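# Architecture at a glance
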Protein chains: 2
Amino acid sequence: MKNKLKVLRAERDWSQADLAEKLDVSRQTVNAIETGKYDPSLPLAFKIAEVFEKTIEEIFVYEG
Amino acid sequence: MKNKLKVLRAERDWSQADLAEKLDVSRQTVNAIETGKYDPSLPLAFKIAEVFEKTIEEIFVYEG
DNA sequence: CCTGAAAGTCAAGCAAACTTTACATTTTAT
DNA sequence: ATAAAATGTAAAGTTTGCTTGACTTTCAGG
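Residues numbered from 1 in each chain as written. Chains lettered and ligands numbered in written order. Predicted model: local features only at pLDDT ≥ 70, side-chain atom pairs only at ≥ 80, totals over all residues. Heavy atoms only, no water.

### A few points about the protein's contact with DNA strand D
Selection rule: A single heavy atom is enough: if one lies within 4 Å of a molecule or strand, its residue is considered near that molecule or strand. As used in this structure description, the phrase polar contact means that two N or O atoms lie within 3.5 Å; if the pair is within protein, one of them must be able to donate a hydrogen and the other to accept it, and residues adjacent in sequence are counted only when both atoms belong to side chains.
Lining the immediate surroundings of DNA strand D are 20 residues, of which Thr29, Tyr38 and Ser41 of chain A together with Gln16 and Asn31 of chain B lie closest. In the interface set of DNA strand D, defined as its atoms within 4 Å of the protein, sugar plus phosphate atoms amount to 56%. At 2.9 Å from a base oxygen of DNA strand D is found a side-chain nitrogen or oxygen belonging to Gln28 of chain A. In this structure, a phosphate oxygen belonging to DNA strand D sits 3.0 Å away from a side-chain N or O atom of Arg9 of chain B.

Here's what the structure looks like:
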């Protein structure tokens, strides 16, 4: 699974800590997702889509 | 999180076991998601969207 | 150069997702 | 009515997502 967090975050000039706060998760979680260590849960994916005002599909790319 | 699995499955006349096979998960997992016991992982949500030819947002409704 | 903010990473622990096995209940068809 | 198929549910175990705390590395500004 690829994602566009880093770009979307950069566009908004948010730090990982900023995003973490908006999502109500830890900074390490944002970092782990961004660096591809693991995928977010579905609820967290929805939250991420929400703060970036995008669909999940626009942010995350599933590689079957 | 609400979802439309039961309806989508009924429309296609698939059993939970049928769907589980298509998704490559256990029948109990399909049942648990359908009955709201827990949410699927993001990868599984993508697979579900794929087999139903819908977006994740069309199938799952996040309740903030 | 040097400082401070941001990003990366590791470990231990808890919670959520998913597995298998097994059994009970409900629905469907004959 | 009965049998088979589908659905629901439960326990115990594994894997994945997420936490806190701590430490290192990278990068931009004075």
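After that view, the rundown keeps rolling.
### Concerning the protein's contact with DNA strand C
For clarity, the cut-off: Each residue gets one label: Ala, Val, Leu, Ile, Met, Phe, Trp, Tyr, Cys and Pro are nonpolar, Asp, Glu, Lys and Arg are charged, and the others, such as Gly, are polar.
Near DNA strand C you find 19 residues, and of these Gln16 and Arg27 of chain A together with Thr29, Tyr38 and Ser41 of chain B are the closest. Among all atoms of DNA strand C positioned within 4 Å of the protein, those belonging to sugar or phosphate total 61%. Take Ser26 of chain B: an N or O atom from its side chain is 2.8 Å from a phosphate oxygen of DNA strand C. When the residues that make up the surface near DNA strand C are grouped by side-chain class, the tally is 4 nonpolar, 9 polar and 6 charged.

### Description of the environment of Val51 of chain B
Operational definition: Where helices and strands are cited, they refer to DSSP runs of H or I of at least four residues and of E of at least two residues respectively, numbered from the N terminus. In this description, contact between two residues means that some pair of their heavy atoms is separated by no more than 4.5 Å.
Secondary-structure assignment places Val51 of chain B in helix α4 (residues 42-52). Excluding residues within four positions of it along the chain, Val51 of chain B makes contact with Trp14, Leu19, Lys22 and Leu23 of chain B.

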